[in-house]
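# Geometric and topological summary
For reference, the chains in residue letters:
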Amino acid sequence: MLKLSYLCKSYDFEVLQDICLELPDRGFVAIAGESGSGKSTLLKCISLLEDVTSGEIFFNGENLTALSKGKKDEKRGRIFAYIPQSTSLMEDDTVDKGLSYFSDDCNKRIAVLEKLGIADKKDEIARNLSGGERQRVAIAQALLREAPVLLCDEITANLDPENAEQVHAILKELSKERLVICVGHNPQTLKNMPTE
Ligand code: ADP
Ligand code: MG
């Protein structure tokens, strides 16, 4: 279980104030907020990419905020996958080569690409991929790392409606086995995400 306890984050002003949340091991959580409201900051704090100003983050009872920097780096890699709006890939590598940094098991890589519907892009050079395909590769990286928590930062904002719907359907399916947290600025988009 992921628990946020009175999480605060300030830069030169307060962005997040006393966020308290308890989220289960599996399921789909959508968080909507207007641009600049602190959605990315929240996801970066949860995934330990940013230090919080105060408050705690617990994962399965362990206080992650109390850990040393080295331990935080280790936990970040094992627990969280933060997927940004625009994914940077190794542009000159093929999809499969890029994924080999995340798993050296070729069969596993193929199985994940099949699950995400992009097995035919295995040998494509990353820079030739469409936006939707790139987001799927980013999700594939997270799956190969076996991250139990996926943090999706407006990942369908740049996609056309059809691709956005497909990525939402994938996330929904993945949320049967892990926690998927999606943030977006458009509550309507989040509302249209498949719920069953
Ligand atoms: P959202 O993702 O909801 O659009 P952000 O979390 O990116 O919002 O930003 C929330 C606020 O924090 C904004 O006013 C933004 O300018 C500010 N902010 C974000 N990151 C930094 C930073 N590294 N340094 C200073 N201010 C920041
Ligand atoms: Mg943002």
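The structure under discussion appears in the preceding block.
This report concerns the structure included in the present document. (Residues numbered from 1 in each chain as written. Chains lettered and ligands numbered in written order. Predicted model: local features only at pLDDT ≥ 70, side-chain atom pairs only at ≥ 80, totals over all residues. Heavy atoms only, no water.)

## Observations concerning the nonpolar core
The tendency in soluble globular proteins is for nonpolar side chains to be buried as a group. The condition that has to hold: Among the buried residues, those of types Ala, Val, Leu, Ile, Met, Phe, Trp, Tyr and Cys that are joined through side-chain atoms within 4.5 Å form a nonpolar core. Between buried and exposed lies partly exposed: a residue is buried under 20% and exposed over 50% of the maximum accessible area for its type, with that area taken using a 1.4 Å probe on protein chains only. Runs of E in the DSSP output that reach at least two residues are strands. Runs of H or I that reach at least four are helices, and both are numbered from the N terminus. A contact between two residues is defined here by any heavy atoms of the two lying within 4.5 Å.
Core analysis: the biggest nonpolar cluster contains 30 residues, and Leu 116, Ile 139, Leu 150 and Leu 171 have the highest contact counts within it. Mapped by element, the contributors of at least two residues to this core are strand 6 (80–83), helix 3 (95–100), helix 4 (106–115), helix 5 (131–144), strand 7 (149–153), helix 6 (161–174) and strand 8 (179–184). Look past the residues within four positions of Ile 139 in its chain and what remains in contact with it is Ile 83, Leu 116, Ile 155, Val 167, Leu 171 and Leu 174. By size, the runner-up hydrophobic cluster in this structure holds 24 residues, among which are Val 15, Phe 59, Leu 64 and Phe 80.

## Here's the deal with the site of ligand 1
Selection criterion: We define proximity as follows: a residue is near a molecule or strand when any one of its heavy atoms falls within 4 Å of that partner. Two N or O atoms form a polar contact when they lie within 3.5 Å of each other; inside protein one atom must be a possible hydrogen donor and the other a possible acceptor, and for residues adjacent in sequence the pair counts only when both atoms belong to side chains. For every accessible area listed, the method is Shrake-Rupley and the probe measures 1.4 Å; residues are considered covered only by the protein chains on display. Each residue is assigned to one class: nonpolar for Ala, Val, Leu, Ile, Met, Phe, Trp, Tyr, Cys and Pro, charged for Asp, Glu, Lys and Arg, and polar for all the others, Gly among them.
Taken together, Tyr 11, Phe 13, Val 15, Glu 34, Ser 35, Gly 36, Ser 37, Gly 38, Lys 39, Ser 40 and Thr 41 form the complete shell of residues around ligand 1. Gly 36 places a polar main-chain atom, nitrogen or oxygen, 2.7 Å from an oxygen atom of ligand 1. Between ligand 1 and Lys 39 there is a distance of 2.8 Å, counted from an oxygen atom to a side-chain nitrogen or oxygen. Out of a free accessible area of 560 Å², ligand 1 has 60% covered by protein chains. Of all the elements, helix 1 (residues 39–46) adds the most residues to the shell around ligand 1, at 3 residues. Taken together, the residues of the shell around ligand 1 break down into 3 nonpolar, 6 polar and 2 charged.

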